[in-house]
Amino acid sequence: SEGKLIGIITDTDMFRVFTHLLGARRSGVRATVTISGAKGTLAKITASISSAGGDILTFSEYQDDQGHWHLTLKVRDISCEKLKTVLEGLHDVIEKIVDVRDSHAIMPT
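Residues numbered from 1 in each chain as written. Predicted model: local features only at pLDDT ≥ 70, side-chain atom pairs only at ≥ 80, totals over all residues. Heavy atoms only, no water.

Caption draft 1: Spotlight on the environment of H70. In this fold, H70 is placed in strand β3 (residues 69–76). Sequence separation between H70 and T32 is 38 residues; the distance between their C-alpha atoms is 7.2 Å. Excluding residues that lie within four positions of it along the chain, H70 makes contacts with V33, T34, S60, E61, Y62 and D64. Looking at H70, its side chain comes within polar contact range of the side chain of D64, at 2.8 Å. (Helix = DSSP H or I, 4+ residues; strand = E, 2+ residues; numbered from the N terminus. Contact = heavy atoms within 4.5 Å. Polar contact = N/O pair within 3.5 Å; in protein donor to acceptor, adjacent residues only side chain to side chain.)

Caption draft 2: Main features of unusual backbone geometry. Non-glycine residue E2 carries a positive phi angle of around 55°. Residue placement: E2 occurs in the segment before α1 (11–21). Residue classification places E2 among the exposed positions, given a relative accessible area of 81%. Positive phi values are uncommon outside glycine, yet D77 reaches one of about 65°. (Buried < 20%, exposed > 50% of the residue type's maximum accessible area, 1.4 Å probe, protein only.)

Written out as structure tokens, the structure reads:
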């Protein structure tokens, strides 16, 4: 500020932010899928998970260099098997289920 150093952001600071954003400090089921970029895709996925009793804790999406969209969700109040079944039923908007697994909370050090 005004030519003076007022703070430093470290790798540890960035790691801490990403663990919060990705829900690493909360247990749940983590799913990673490749999705179409069609309008309404996220709404359809989130509505289906909610209807099955799941509570979405976090989600992030990004588009890779080839134009494919990737979505990672962390969901609680639903089993790994049930979430996988829900996602399999969304074959019109989910191109590929990459991974579905239980994800336990990481505690801060």
